[in-house]
Amino acid sequence: MSYQNTVSKEARFTGVGLHTGASVTLSVRPAPVDAGLRFVVGRPGAEPVVIDAHHANIQTTSYATSLGSGDLRLHTVEHLLAALSGLGVDNAELWLDGPEVPVMDGSARPFVEGLLQAGLVEQPKARRVIRITQPIRVADGDKWIELLPSVQPGLQVDYAIDFEHLAIGRQHFHMKVTPETFEKEIAAARTFGFAHEVARMQSAGLARGASLDNAVAVGDEGVLNPGGLRFDDEMVRHKVLDLVGDLALLGRPLWGHLIANRAGHGMHARLMEEILLRTDRWESVIDEPLEAVRLTASQRALQVCV
Ligand SMILES: [Zn+2]
């Protein structure tokens, strides 16, 4: 059986917001069992606002996932949530003094390093997970996500992207998401954007903090960053990072086999909506080996007797 986790002490991060360009400090603090992941956003001269990291609080999914409460908007939560969820942190308070999570280097690696440096601690209550028992599908033309039951515990991901650009093209990535694979294969993959889109995004109030220090920029001739890519298929790995971060908004780990084609934040949000609506297609189980999950109470009693 696996138990809930929190951070053993505060972890602090400072940087700028990718879209707002605002300077911001983030403090990740321990939280009690069943508290979940919860943002606490400070405002000058006013009480801080609490926003649970939950699907119900999603406001927009254009270029990033933004949460909200009342008139307060909190932008680009997904890379931090990916680091927390990827490492298996169930409970934490996420204090911010600005309206956007700092982008750091455009990946989840600085968060992973900071969280591991602070240390994680097991808490005295079992973790509950959402285990998919029947297929769930969301689609929009050739963009779709299918979530299938899996005989294995945990989340398997097959993610494909297809961009008509020589520097990206079609990329496919498969992995089982565990704290180890997340840290090694996914955490360092940076967000990316097309150089020709930046001016348009900035006039729409987006990407104000973007630079070659916090994003992969793709120009007509290829990748513009002097250091090149961190992985040949860094873009699709970043999509998996975004997916892990967005799925954290379910509030519990997801067990199943997820196959995504050309999806993104909007499709991730639609999938979560569908999961939370279709309660007949999954069950809430304690995180323990699958054979044990399948045994009924009477079978367990029998097993104890023999
Ligand atoms: Zn991202």
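Colleague: Would you mind showing me how to read the coordination of the zinc ion here?
Modeller: When four donors bind a metal tetrahedrally, each ideal donor-metal-donor angle is 109.5 degrees, and when six bind octahedrally, the ideal angles are 90 or 180 degrees. Surrounding the zinc ion are the protein donor atoms His79 (NE2), His238 (NE2) and Asp242 (OD), which sit 2.1 Å from the metal. Binding-site remark: the zinc ion is held by donors from one chain whose sequence spacing is H-x158-H-x3-D. Separated by 159 residues along the polypeptide, histidine 79 in helix H1 (residues 78-87) and histidine 238 in helix H5 (residues 234-247) bring together distant segments of the chain. A single burial state applies to histidine 79 and to histidine 238, both of which are buried.

Colleague: Sorry, what's going on with the pattern of salt bridges here?
Modeller: It is possible for side chains bearing opposite charge to pair when their charged atoms get close. Counted under the stated rule, the structure contains 17 salt bridges. For the salt bridge of aspartate 34 with lysine 125, the shortest nitrogen-to-oxygen distance reads 2.5 Å. Here the residue aspartate 34 occupies a position in the loop between strand E3 (23-30) and strand E4 (37-43), and lysine 125 occupies one in strand E10 (residues 120-126), the gap between them amounting to 91 residues. The residue arginine 190 makes a salt bridge to glutamate 234 at a minimum N-O spacing of 2.8 Å.

Colleague: Teacher, can you tell me more about the side chain of threonine 76 here?
Modeller: Locating threonine 76 in the fold gives a position in the loop between strand E8 (72-74) and H1. A residue is classified by how much of its surface remains accessible, and threonine 76, at 4% relative accessible area, is buried.

The rules behind the values
- Residues numbered from 1 in each chain as written.
- Predicted model: local features only at pLDDT ≥ 70, side-chain atom pairs only at ≥ 80, totals over all residues.
- Heavy atoms only, no water.
- Donors = N, O, S within 2.8 Å, 3.2 Å for Na, K, Ca; no water.
- Helix = DSSP H or I, 4+ residues; strand = E, 2+ residues; numbered from the N terminus.
- Buried < 20%, exposed > 50% of the residue type's maximum accessible area, 1.4 Å probe, protein only.
- Salt bridge = Lys/Arg side-chain N within 4 Å of Asp/Glu carboxyl O.

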